[in-house]
Amino acid sequence: MDANLVGKTIQGRYYIVKQLGRGGVGVTFLAQDQQCFDSQCVVKQLKPKSDNPKTLEIARRLFNREAEIMNRLGYCDRIPRLLAYFEDHKDFFLVQELIEGHDLSQEIVSGKPWSEEKTIILLKDILEVLLVVQQHSVIHRDLKPSNLMRRTKDNKIVLIDFGSVKQVSTQVIDTAGQIKQTVAVGTKSYMPMEQMMGRPGFHSDIYAVGIIAIQALTGVTPKQFTFNQNGEIIWRNKLNKKVNYQPRFLNILDKMVRYRFQERYTSAGVVLSDLEQLDAEQNNNKETIVISNQNPPVTKSQQPQGRSNINLTTKIISKQSETANIQQPQLVNHPAYLSSNHNEFLSVNRSESQTKSKSGLKSKVVAAVFVGVGLLAALGTWLHGNNRTVEPEIELSLYENPSQGFRVNYPEVWSKQNRDDFFATGVVFFSPLEDDSDRFKERVSVLVENLSSEMSLAQYTDESIAEIKRLSDPKVGAAQSIILGQSEARQVVYHGEENGNRVQRMQTWSVKNKQAYVITYTAKPDSYDSYLPTVEKMIESFETISN
């Protein structure tokens with residue numbers, strides 16, 4: 001069919017008003033639906049590279065599959081609804097809802113950097129709709145400013161022009177009718193290496209969103225960025241040197257655009273979680289003016305430093321007492337509580353006694369020392385009189401993944417998010433936030449990695465340890481032998497960094513039938529032991545099933 005359809009009616013229904021855009025694989029038109037009150041819509045014409053019967057057969061199958069996916073996604077009001085799809089004269093057509101507004105290429109302009117706050121708002125807006133896409137196991141493949149619409153009626157970001165559909169038009173078929181190669185779909189400046197090689201995943205879309213955010217924050221087009229010897233993008237030197245940016249936000253952007261997808265965020269939900277923690281920290285760090293009739297105003301930064309540990313103590317107490325009915329004397333004797341509160345007690349007393357006499361100060365310090373000695377003695381008695389800590393009673397639910405061949409129990413109060421990308425498939429469980437001061441969701445991921453060739457447990461362990469040493473903890477020790485799902489497995493505990501925060505991880509893995517089953521527990525060091533009993537129960541419950 002002639003690509004110039006303006007002024008024609010197709011399917012006896014859609015009158016083509018004008019051309020909206022043209023790309024390498026198709027043309028987009030504004031149309032009127034003559035069977036629906038002449039309402040306006042968008043018609044996209046997609047043309048396969050060849051009219052070979054085998055090519056058309058494969059293109060038809062892919063087109064129908066992608067149309068079904070888009071139909072499901074259309075129930076999200078941040079994605080245009082699919083109104084119809086059909087084939088006509090060996091061309092394929094999609095009819096979609098018209099979004100009134102403008103694309104972000106009109107807002108993100110070279111030489112006009114955005115503020116950090118505005119960039120964070122944009123980032124969240126894009127990630128919210130991308131999260132819906134990923135929950136349906138869909139990869140967009142072509143995220144860029146021109147494919148993000150600012151809807152006029154509510155200023156929301158709407159995601160358009162799914163690159164996944166373009167796969168229909170980029171198949172290269174050999175003489176036997178088999179797909180020989182899939183041309184990389186996307187725009188080069190926003191594409192990571194694995195996508196250029198034709199192997200995109202959720203992490204590929206994360207990369208594109210990160211580039212868009214960096215472009216907005218710096219006012220520099222992606223083509224102007226350079227790369228270091230490790231393939232990492234160099235962009236921080238383009239920031240406004242007169243602006244104080246949040247280091248953790250810059251770290252989040254860095255992680256979004258890592259060269260190796262294994263080091264990148266795995267899903268939009270995880271990025272959003274880190275941005276929420278960033279917001280909580282920002283609110284907690286705002287300056288608070290204390291009004292006094294006798295003293296000059298005092299900012300939060302001038303308050304006694306000893307008080308900074310209060311949130312930590314509160315979090316430790318709440319995470320143990322909420323799920324277990326532990327009485328106050330037991331909390332006082334808990335090692336974590338003792339180590340934080342003893343120092344807190346001394347610092348607060350030093351601060352409060354500054355206006356008192358030296359003798360009063362001395363008596364309080366002496367009293368504090370006696371209290372500390374008494375607590376240590378009580379701790380010794382507690383350690384000898386109790387062979388185990390009190391474990392909270394937590395209701396567990398069954399999670400089953402027949403397609404990947406495993407099941408595992410997890411806490412009912414934890415949220416879960418499926419993961420399915422090029423690197424691994426499985427599920428990630430997140431702990432709930434305990435209170436307003438809690439900004440980190442402890443998590444346990446259960447993933448299945450498809451191995452390219454037969455690999456023994458020893459070989460996989462050697463590679464995993466080497467990767468951990470290179471990327472996270474050079475001091476990691478040897479892996480311990482355990483049983484995972486009735487199979488021999490290995491387990492290692494190590495430390496690392498996540499968005500500027502120290503984290504502690506425990507990773508357990510086994511290998512079976514060219515697949516690696518990997519369970520990773522991630523927590524802040526001060527919360528690691530509190531959740532460990534629950535995580536151990538999850539690991540004990542893991543088992544493989546026939547798929």
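What counts and how
- Each chain carries its own residue numbering, running from 1 in the direction its sequence is written.
- Side-chain atom pairs in this predicted model are given and counted only at pLDDT of 80 or more, local residue features only at pLDDT of at least 70, and totals for whole chains, interfaces and linings cover all residues.
- Neither water nor hydrogens contribute to the side-chain values; these are computed over all heavy atoms in the structure.
- Helix numbering and strand numbering both begin at the N terminus, where a helix is a DSSP run of H or I of at least 4 residues and a strand a DSSP run of E of at least 2.
- A 1.4 Å probe rolled over the protein chains alone gives each residue an accessible area, and that area as a share of the maximum for its type sets the label: buried under 20%, exposed over 50%, partly exposed in between.
- We call two residues contacting when some pair of their heavy atoms lies within 4.5 Å.
- The set of buried Ala, Val, Leu, Ile, Met, Phe, Trp, Tyr and Cys residues whose side-chain atoms join them within 4.5 Å is what this entry labels a nonpolar core.
- Here a Phe, Tyr or Trp ring, Trp counted by its six-membered ring, pairs with any other such ring whose centre lies within 6.5 Å, and the pair is stacked when the planes are under 30 degrees apart, edge-to-face when over 60, and tilted otherwise.
- For every element, the axis is a line fit to its C-alpha atoms; helices are fit only across the contacting stretch, and the angle between N-to-C directions ranges from 0 to 180 degrees.
- Oblique is the label for any angle not under 35 degrees, not over 145, and not in the 65 to 115 range, which are roughly parallel, roughly antiparallel and roughly perpendicular in turn.
- Should the near helix be turned anticlockwise from the far one by less than a right angle, the crossing is termed left-handed; should it be turned clockwise, right-handed.
- In the scheme used here, Gly and all other residues not listed as nonpolar or charged are polar, with Ala, Val, Leu, Ile, Met, Phe, Trp, Tyr, Cys and Pro taken as nonpolar and Asp, Glu, Lys and Arg as charged.
- Confidence scores here are pLDDT values: one per residue, from the predictor, ranging 0 to 100.
- Note on pairing: two strands pair once DSSP finds at least 2 bridges between them.

**Some words on the overall build of the chain**
When its secondary structure is counted, the chain shows 13 helices and 23 strands. For the chain, buried positions account for 48% of its 547 residues. Sequence-distant contacts, at least 24 apart, represent 55% of the contacts inside the chain between residues at least 6 apart.

**Examining the nonpolar core**
One finds L123, L127, W235, F249, L253 and M256 to be the most contacted residues of the largest nonpolar core, which totals 62 residues. Secondary structure elements with two or more residues in this core: α1 (53-73), β6 (91-97), α2 (116-135), β9 (157-159), α5 (202-218), α6 (247-256), α7 (268-284) and β17 (425-430). The residues touching L253, leaving out its near neighbours within four places in the chain, are L123, A213, I214, L217 and W235. The next biggest cluster of nonpolar side chains, apart from the first, holds 24 residues, and it includes F429, Y517, Y528 and L532.

**Focus: the packing of aromatic side chains**
Using the criterion set out here, one finds 10 aromatic pairs in the structure. Both rings, one in Y14 and one in F86, keep their centres 6.2 Å apart while their planes meet at 10°; by these two values the pair is stacked. Of this pair, Y14 sits in strand β2 (residues 14-22) while F86 sits in strand β5 (residues 82-88); the two residues are 72 residues apart in sequence, bridging distant segments of the chain. Across the pair, F86 and Y14 agree in class, each one buried.

**Some points on the packing of α2 against α5**
Close contact between α2 and α5 brings their axes to 10 Å; oriented N to C, the two are set at 160°. By the angle between their axes, α2 is roughly antiparallel relative to α5. The element α2 and its partner α5 pack so that their crossing is right-handed. Contacts between α2 and α5 pair E116, T119, L122, L123, I126, L127, L130 and Q134 from the former with F202, D205, I206, V209, I212, A213, A216 and L217 from the latter. A class-by-class count of the residues in the contact of α2 with α5 yields 12 nonpolar, 2 polar and 2 charged.

**With respect to the confidence of the model for the chain**
Looking at the chain, the pLDDT average stands at 76 and 71% of residues meet or exceed 70. Of all the helices and strands in the chain, helix α10 (residues 335-352) carries the lowest mean pLDDT, 30, while α6 carries the highest, 96. Note that residues 286-367 has pLDDT below 50 and, in this model, 76 contacts with residues that lie over four places away or in other chains. Contacts from residues 382-392, a stretch scored under 50 in pLDDT, to residues over four places away or in other chains number 10 contacts.

**Brief notes about the sheet that holds strand β7 (residues 101-103)**
Read across the sheet, 3 strands follow the order β7-β8-β9 without closing on themselves; strand pairing throughout is antiparallel. Across the chains shown, the open sheet's two edge strands, defined by having one partner strand only, are β7 and β9. Strand-to-strand twist in this sheet, taken as the mean axis angle between neighbours without regard to direction, amounts to 35°. In this sheet, β9 lies alongside strand β8 (residues 148-151) in antiparallel orientation, the contact comprising 3 bridges. Each bridged residue has a counterpart across the sheet, and for M149 the counterpart in β9 is V158.

**Thoughts on the sheet that holds β6**
Sheet architecture is open: 6 strands sit in the order β1-β2-β3-β4-β6-β5, paired in antiparallel fashion. The outermost strands of the open sheet, each flanked by one partner alone, are β1 (9-10) and β5. Pairing geometry for strand β4 (residues 39-46) and β6, over 6 bridges, is antiparallel. Across the sheet, Q45 pairs through a bridge with F93, a residue of β6.

**Side note on unusual backbone geometry**
Leave glycine aside and you will find that most residues have negative phi; peptide bonds, for their part, are mostly trans. Its identity is not glycine, yet Q11 carries a phi of approximately 60°, on the positive side. Looking at the secondary structure, you find Q11 in the loop between β1 and β2. Phi is positive for N513, close to 55°, though the residue is something other than glycine. Relative to the assigned elements, N513 resides in the loop between β21 (501-512) and β22 (515-523). For N513, a relative accessible area of 65% corresponds to the exposed category.

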